[in-house]
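# Observations on the model geometry
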Amino acid sequence: SVVNFYYRELRLIKLSSPYVNNVIGLGCLLCYASCIAMSVNSYWQIRVGLCWLQAVLLAFGYSCAFGAMLAKTWRVYRIFTNVKLRRVAIKDFHLFAVILVVVAVDVVIFGIWAGIDPLQVQTTSLPAV
C-alpha cells in the first residue's frame, strides 16, 4: 500500500489500479485479523461477539481480496475480448462497483444468518479416555 501511494504518479502503477491493489491489501489484513480474533477467542473466555467478529473479518477480507482480483480479471477479459478493437475504458469506479456487489452479498448472507440462526456458545464436556 505504501508503494502504491508513494509511486502513484508512475505510469505502471497507475495502470495497475493502485486503489484496487489497496483493497486487495486491506482484504488480506482483514483475513489476518480474523486469525488474531480466533486466537484470542480460543485462549480466553469464548464469547459470541468474538465468534461473529472472526467470521465477519474472514468473510469480508476474503471478499475484498478476491473480489478486487475478480474485478481486475474482469477488466482484462473485457479489454482482450473486444472483437471490434474499440477502445474500452473501464475505470476504477467500475471495479469498485464489482467489489461492492461481492461485499454486499456477504452483508446479505450475514444478515440472514443473524436473523434466522444466530451464533450461540455451547460448552460440551468430553469424557476422559
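The rules behind each value
The numbering scheme is per chain: residues are counted from 1 as the chain's sequence reads. Local features in this predicted model are restricted to residues whose pLDDT is 70 or higher, and side-chain atom pairs enter the listing and the counts only when it is 80 or higher, whereas totals over whole chains, interfaces and linings include all residues. With hydrogens and water set aside, each side-chain value is computed from the structure's full complement of heavy atoms. Segments assigned H or I by DSSP are reported as helices when at least four residues long, segments assigned E as strands when at least two residues long, and all are numbered from the N terminus. Only C-alpha atoms enter the radius of gyration; for comparison, a globular chain is expected to reach 2.2 Å times N to the power 0.38, where N is the number of residues. Under the scheme applied here, a residue whose accessible area is under 20% of the maximum for its type counts as buried, over 50% as exposed, and between as partly exposed, the area being computed with a 1.4 Å probe on protein chains only. In what follows, a contact means two residues having at least one pair of non-hydrogen atoms within 4.5 Å. Computed with the Shrake-Rupley method and a 1.4 Å probe, the accessible areas treat only the protein chains shown as cover for residues. Here Asp and Glu are counted as negative and Lys and Arg as positive; His is not counted, and neither are the chain ends. Charge coordinates come from a single atom per side chain, which is NZ of Lys, CZ of Arg, CG of Asp or CD of Glu. Cavity and pocket criteria rest on a 1 Å grid covering protein atoms alone: a 1.4 Å probe that fits but cannot get out defines a cavity, protein on both sides within 12 Å along at least 5 of 7 lines defines an open pocket, and an atom within 4 Å of a point defines a lining residue. Grid points are joined across faces, edges and corners, and a volume is the space filled by probe spheres set on the points. Note that Gly is not counted as nonpolar here; it falls among the polar residues with everything else outside the nonpolar set of Ala, Val, Leu, Ile, Met, Phe, Trp, Tyr, Cys and Pro and the charged set of Asp, Glu, Lys and Arg. We count a salt bridge whenever a side-chain nitrogen from Lys or Arg sits within 4 Å of a carboxyl oxygen from Asp or Glu. UniProt positions are given in the numbering used here, feature names are shortened, and annotations may be inferred rather than shown by experiment. Polar contacts, as used here, are pairs of N or O atoms within 3.5 Å; protein pairs need one atom able to donate a hydrogen and one able to accept it. Residues neighboring in sequence count only if both atoms are side-chain atoms. As used here, the term nonpolar core means buried Ala, Val, Leu, Ile, Met, Phe, Trp, Tyr and Cys residues forming a set that is joined through side-chain atoms within 4.5 Å.

We now examine the overall build of the protein. Looking only at helices and strands, one finds five helices and zero strands in the protein. Going from the N terminus to the C terminus, the protein shows its helices and strands as α-α-α-α-α. For 129 residues, the compact-globule estimate of 2.2 N^0.38 gives 14 Å, and the C-alpha radius of gyration of the protein, at 20 Å, exceeds that figure by more than 25%. Across its three principal directions, the C-alpha atoms of the protein cover 70 × 35 × 25 Å. Evaluated residue by residue, the protein yields a buried proportion of 25% over its 129 residues. Partitioning the intrachain contacts of the protein with sequence separation of at least 6 by distance along the chain shows that 70% fall at a separation of at least 24. Accessible surface computed for the protein: about 9700 Å², of which carbon and sulfur atoms make up 69%. Between the mean site of the 11 positive side-chain charges and the mean site of the 4 negative ones, the protein shows a separation of 16 Å.

All right, on to the layout of surface pockets then. Think of a ball as big as a water molecule: rolled over the atoms, this probe shows where empty space is left. Here the largest pocket is characterised by a volume of approximately 250 Å³. Lining the largest pocket are Leu15, Arg75, Ile79, Asn82, Arg86, Arg87, Val88, Ala89, Ile90 and Lys91. Its residues assigned to classes, the lining of the largest pocket shows five nonpolar, one polar and four charged.

Once that is clear, we can look at the pattern of salt bridges. The tally for this structure, following the rule as stated, stands at two salt bridges. Across the salt bridge formed by glutamate 9 and lysine 14, the nearest N and O atoms sit 3.6 Å from each other. Glutamate 9 sits in the exposed class, given a relative accessible area of 60%.

Attention now goes to the UniProt feature "domain: G-protein coupled receptors family 3 profile" (unreviewed entry) in the protein. The feature "domain: G-protein coupled receptors family 3 profile" (unreviewed entry), as annotated in UniProt, sits at residues 51-129 in this numbering. Regarding residues 51-129, the helix share stands at 70% and the strand share at 0%, and the terminal C-alpha atoms are separated by 29 Å.

Residue position: asparagine 21 is located in helix H3 (residues 18-43). A polar side-chain atom of asparagine 21 sits 3.2 Å from a polar atom in the side chain of serine 16. Beyond its immediate chain neighbours, meaning those up to four positions away, asparagine 21 contacts Asn4, Ser16 and Lys72.

If you look at the biggest cluster of nonpolar residues, it comprises 10 residues: Val20, Val23, Ile24, Cys64, Ala68, Ala71, Ile90, Leu95, Ile99 and Val103. When residues of this core are traced back to their parent elements, those giving at least two are H3, helix H4 (48-80) and helix H5 (92-116). With sequence-adjacent residues up to four places away left out, isoleucine 99 is seen in contact with Val20, Val23, Gly67, Ala68 and Ala71.

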